[in-house]
Amino acid sequence: MDIKRYTFTIALPLIVIVVLTVNVLNGDIYAFDEYIYSLVAGIISDDLTFIMKVITFLASGTFLCILSALLVLSILFKKGMNSFYTAVQVINITLSSLLNVGVKNLICRSRPNILQLMEVTGYSFPSGHSMASMSFYGFAIYLCCRFYKGKYKDSLIILLAILIVLIGFSRIYLGVHYTSDVTGGFAFGLLWLGLFTIMIEKLKEKLL
């Protein structure tokens, strides 16, 4: 058993989720959220807003649906493990999205009552974009760590990690999520990713 892996991908995010959920339900975290947003609001500009909208689009339902559709089509031209992991990625983001909707409807936290730089609907906690980015791009990092042997491996992993962080930041910047929503999205996404990859590895062992 890989203690470090279980600690980082299951134990720690689970603790963060419990702490955040309790504080969100009790309304004890608004002061922290408002303070962080007050710092972010100080850098708002037209150019940066455009960049943040582009970044946030990379974890939108529309973009991930397009990617998933392309992945499904690519299965027709792939064989073996490549096809297996392509299908797994589609299943991953689908189940992650359903989990996010379920949790949001259980918590029922309203969106921030601040300047929103884009139109959004639905509940706020946990951030769907943050959870989706951790699930989708995090799984890409997992695949890179396990299978990619190219010289750009470390650079690719770093770029994907930066993208995940930037997507979370974009949600705060655009005023559509609290910092605690984004942190919760990352925690839920990491927990899901940890459990999902373990299940996939077990499934792969049985198939082989």
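Procedures and definitions
- Residues numbered from 1 in each chain as written.
- Predicted model: local features only at pLDDT ≥ 70, side-chain atom pairs only at ≥ 80, totals over all residues.
- Heavy atoms only, no water.
- Core = buried A, V, L, I, M, F, W, Y, C linked by side-chain atoms within 4.5 Å.
- Buried < 20%, exposed > 50% of the residue type's maximum accessible area, 1.4 Å probe, protein only.
- Helix = DSSP H or I, 4+ residues; strand = E, 2+ residues; numbered from the N terminus.
- Contact = heavy atoms within 4.5 Å.
- Salt bridge = Lys/Arg side-chain N within 4 Å of Asp/Glu carboxyl O.

Okay, the nonpolar core next. Across soluble globular proteins, nonpolar side chains have a tendency to be buried as a group. Judged by nonpolar contacts, the single largest core of 26 residues is most densely connected at Leu64, Tyr137, Leu160, Ile164, Ile167, Tyr173 and Leu174. Those elements that place two or more of their residues in this core are helix H3 (46–57), helix H6 (128–147), helix H7 (153–173) and helix H8 (179–207). Val103, Phe125, Phe188 and Leu191 belong to the second largest nonpolar core, which has 13 residues in total.

Quick look at the side chain of Ser170 now. Here Ser170 lies in helix H7. Since its relative accessible area comes to 0%, Ser170 is described here as buried. Ignoring any residue separated from it by four or fewer positions in sequence, one finds Ser170 in contact with Met52, Ile55 and Thr56.

Take the pattern of salt bridges next. Using the criterion set out here, one finds four salt bridges in the structure. Arg109 serves as the salt-bridge partner of Asp181, at 2.8 Å between the closest nitrogen and oxygen. One end of the pair, Asp181, is in helix H8; the other, Arg109, is in the loop between helix H5 (80–107) and H6, and 72 residues separate them in sequence. When its relative accessible area of 0% is taken as the criterion, Asp181 is described as buried. One salt bridge connects Arg146 with Glu201, and the closest N-O pair in it is separated by 3.3 Å. Linking Arg146 in helix H6 with Glu201 in helix H8, this pair joins segments that are 55 residues apart in sequence. Since its relative accessible area comes to 36%, Arg146 is described here as partly exposed. Classification of Glu201 by relative accessible area gives buried; the value is 18%. Linked by salt bridges that have partners in common, Arg5, Arg146 and Glu201 make up one network.

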